[in-house]
Amino acid sequence: MASAFSSVAFAFLLVLFSALLPSLIASSAAVQDPELVVQEVHRSLNASRRKLGFLSCNTGNPIDDCWRCDPNWEQNRQKLADCCIGFGKNAIGGRDGKIYVVTDPSDDDAVNPKPGTLRYAVIQEEPLWIIFARDMVIKLKEELIMNSFKTIDGRGASVHIANGPCITIQYVTNIIIHGINIHDCKQGGNANVRSSTTHYGWRTISDGDGVSIFGGSHVWVDHCSLSNCNDGLIDAIHGSTAITISNNYLTHHDKVMLMGHSDSYTQDKDMQVTIAFNHFGEGLVQRMPRCRHGYFHVVNNDYTHWEMYAIGGSAAPTINSQGNRFLAPNDRFNKEVTKHEDAPESEWKNWNWRTEGDLMLNGAFFTTSGAGASSSYAKASSLGARPSSLISSITAGSGALSCKKGSRC
């Protein structure tokens, strides 16, 4: 009898030990590196959430579903850096640095900025994840020239960069701009501006872009609301590459996005830009985007307004348009999505522009061109497109979000 009992007890203990073994291993790993374990748990949770498919945060938008499910986003802010997809997916911003809190909205001195200001934070040498102590409107005196490995994260506050020069990402790398309202940007210049702790220099007149990317790489602009700037809302020129522009809400502007400096600037041939999950809204005229030379993946965006055209280009760019929704204006002369610029048809008919799975509404039409070389489109593919029928839910949260601590964004 005793022996039978021992066998049962032994079997029970064996089952119990097997069940506990993964936790024991995890706790021993936790002693060595708690951060890794937490990340692994988050990864598993997110994976299982994606499989379940019925949670309210499961929008089908892969960037949002990576972090918006987490009610403790405020404690895990830097996890956002692991959520980018597309050509800018390796932009880590200030993920590996300290959190810096902006407490002062002023910008009185572009050469010697005060600690606590946004300008002071972005010029530092080390990686920083920059957040805001409260709601604020920042009227910059001159362009905000960023140093590498910085994140500007507006979640939890209503932050407006407006009514002055705006953001410049020039010859730097690993920048994330998230959750900011950027509007009414003006020209700056003919002034000295500091770009790092060790350098300031004379700036000529700037264009007045919302976000100007000039020779920058590994850049991600996500969940910003942009409108009514002097030149472009987001421009990327002069050899910029590895860029993702996602989840933004763009309104009330003429020349929305310029990608590529000029037809003669062939260094832009290596440019790769993903434009995904954005809502191109009311009051827009053209250039969503206007492309030159490089490779552009325009995927799962909602185009509800344009006056002239949506997507254009010159100098033989490759444009891969997938899973977008294009709602044409009522003007019967402006229903074409595309505009092949600065070239006769004999030339542009060889440019590789394709539409795949796009939804065309109210008479919208897309003029394709090129032989469709698979190698060319491979260079202009950066993520799997979702069906255009899901655009409403994928882009529902576009623009700067209203995030409250302790609950999902």
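Owing to the predicted nature of the structure, the values given are computational and were not obtained by experimental measurement.

Let us now look at the sheet that holds strand 25 (residues 302-303). With parallel pairing, 9 strands are arranged side by side in an open sheet as 3-6-9-14-17-21-25-28-31. Lying at the two open borders of the sheet, with one neighbouring strand each, are strand 3 (136-138) and strand 31 (359-361). In this sheet, strand 25 lies alongside strand 21 (residues 279-280) in parallel orientation, the contact comprising 2 bridges. Within strand 25, the residue paired with Phe280 across the bridge is Tyr303.

Here we come to the sheet that holds strand 19 (residues 257-259). Ordered in space as 4-7-12-15-19-23-26-29, the 8 strands form an open sheet in which the pairing is parallel. The two strands at the open ends of the sheet, each matched to only one other strand, are strand 4 (144-145) and strand 29 (338-340).

It is worth spelling out the environment of Pro387 at this point. Its location among the elements puts Pro387 in the loop between helix 6 (374-379) and helix 7 (391-394). Under the relative-accessibility criterion, Pro387 is labelled partly exposed at 44%. Linking Pro387 and Gly357, residues 30 residues apart in sequence, is a C-alpha distance of 6.9 Å.

Counted according to the given criterion, the structure contains 6 aromatic pairs. Seen in terms of ring centroids, Phe280 and Tyr303 are 4.5 Å apart; in terms of plane orientation they differ by 10°. Their pairing is stacked. Of the two residues, Phe280 sits in strand 21 while Tyr303 sits in strand 25, which places them 23 residues apart along the sequence. Take Phe280: its relative accessible area is 0%, and that puts it in the buried class. Assessed through its relative accessible area of 0%, Tyr303 is described here as buried.

As a further point, take the side chain of Gln124. Here Gln124 is to be found in the loop between helix 4 (118-122) and strand 2 (128-132). Residue Gln124 is classed as buried on the basis of its relative accessible area of 11%. Among the polar contacts made by the side chain of Gln124, one reaches the main-chain carbonyl oxygen of Tyr120 at a distance of 2.7 Å. Discounting residues that sit within four places of it in the chain, Gln124 has contacts with Asn147, Lys150 and Thr197.

So, about the state of the cysteines. Throughout this description, disulfide means a covalent bond between two cysteine sulfur atoms. Evaluated as defined, the whole model comprises 3 disulfides. Note that Cys66 is cross-linked by a disulfide to Cys83, the S-S spacing being 2.0 Å. Here the disulfide of Cys66 and Cys83 is left-handed, its torsion about the S-S bond being about -70°. Pair noted here: Cys66 is in helix 3 (residues 62-67) and Cys83 is in the loop between helix 3 and strand 1 (98-102), with a separation of 17 residues, a long-range link.

Below, the discussion takes up the pattern of salt bridges. Applying the stated rule across the entire model yields 16 salt bridges. Lys339 is paired through a salt bridge with Glu341; the nearest N and O atoms lie 3.8 Å apart. For Glu341, a relative accessible area of 12% translates into the label buried. Residues participating in the shared-partner salt-bridge network are Arg290, Lys339, Glu341 and Asp342.

On to a nonpolar patch on the surface, then. Taken together, Leu327, Leu359 and Leu361 make up a surface patch of nonpolar side chains, about 190 Å² in accessible area. Mapped onto the fold, Leu359 is located in strand 31.

This brings us to the nonpolar core. Within the largest apolar cluster, 66 residues are counted, with the highest numbers of intra-cluster contacts made by Leu118, Phe132, Ile152, Ile169, Ile177 and Ile182. Leaving out residues up to four positions away in the same chain, Ile152 has contacts with Leu118, Val122, Ile130, Phe132, Leu144, Met146, Ile176, Ile177, His178 and Ile180.

To continue, consider the confidence of the model for the protein chain. Per-residue pLDDT for the protein chain averages 89, and the proportion of residues at 70 or more is 86%. For residues 1-56, every residue scores under 50 in pLDDT, and the model assigns this stretch 20 contacts once sequence neighbours within four places are set aside.

Here we come to the pairing of strand 7 (residues 167-170). Summarising the sheet, strand 4 and strand 7 pair through 2 bridges and their orientation is parallel. In the strand pairing of strand 7, Leu144 is matched with Ile167. Bridging between strand 7 and strand 12 (residues 211-214) involves 4 bridges; their strand directions are parallel. Counterpart to Ile169 in the pairing with strand 12 is Ile213.

Procedures and definitions
- Residues numbered from 1 in each chain as written.
- Predicted model: local features only at pLDDT ≥ 70, side-chain atom pairs only at ≥ 80, totals over all residues.
- Heavy atoms only, no water.
- Pairing = 2+ DSSP bridges.
- Helix = DSSP H or I, 4+ residues; strand = E, 2+ residues; numbered from the N terminus.
- Buried < 20%, exposed > 50% of the residue type's maximum accessible area, 1.4 Å probe, protein only.
- Phe/Tyr/Trp six-rings, centres within 6.5 Å; stacked < 30°, edge-to-face > 60°.
- Polar contact = N/O pair within 3.5 Å; in protein donor to acceptor, adjacent residues only side chain to side chain.
- Contact = heavy atoms within 4.5 Å.
- Disulfide = S-S within 2.5 Å.
- Salt bridge = Lys/Arg side-chain N within 4 Å of Asp/Glu carboxyl O.
- Patch = residues over 30% accessible without salt bridge, like charges linked within 9 Å, V, L, I, M, F, W, Y side chains within 5 Å.
- Areas by Shrake-Rupley, 256 points an atom, 1.4 Å probe, with all protein chains shown as cover.
- Core = buried A, V, L, I, M, F, W, Y, C linked by side-chain atoms within 4.5 Å.
- pLDDT = per-residue confidence, 0-100.

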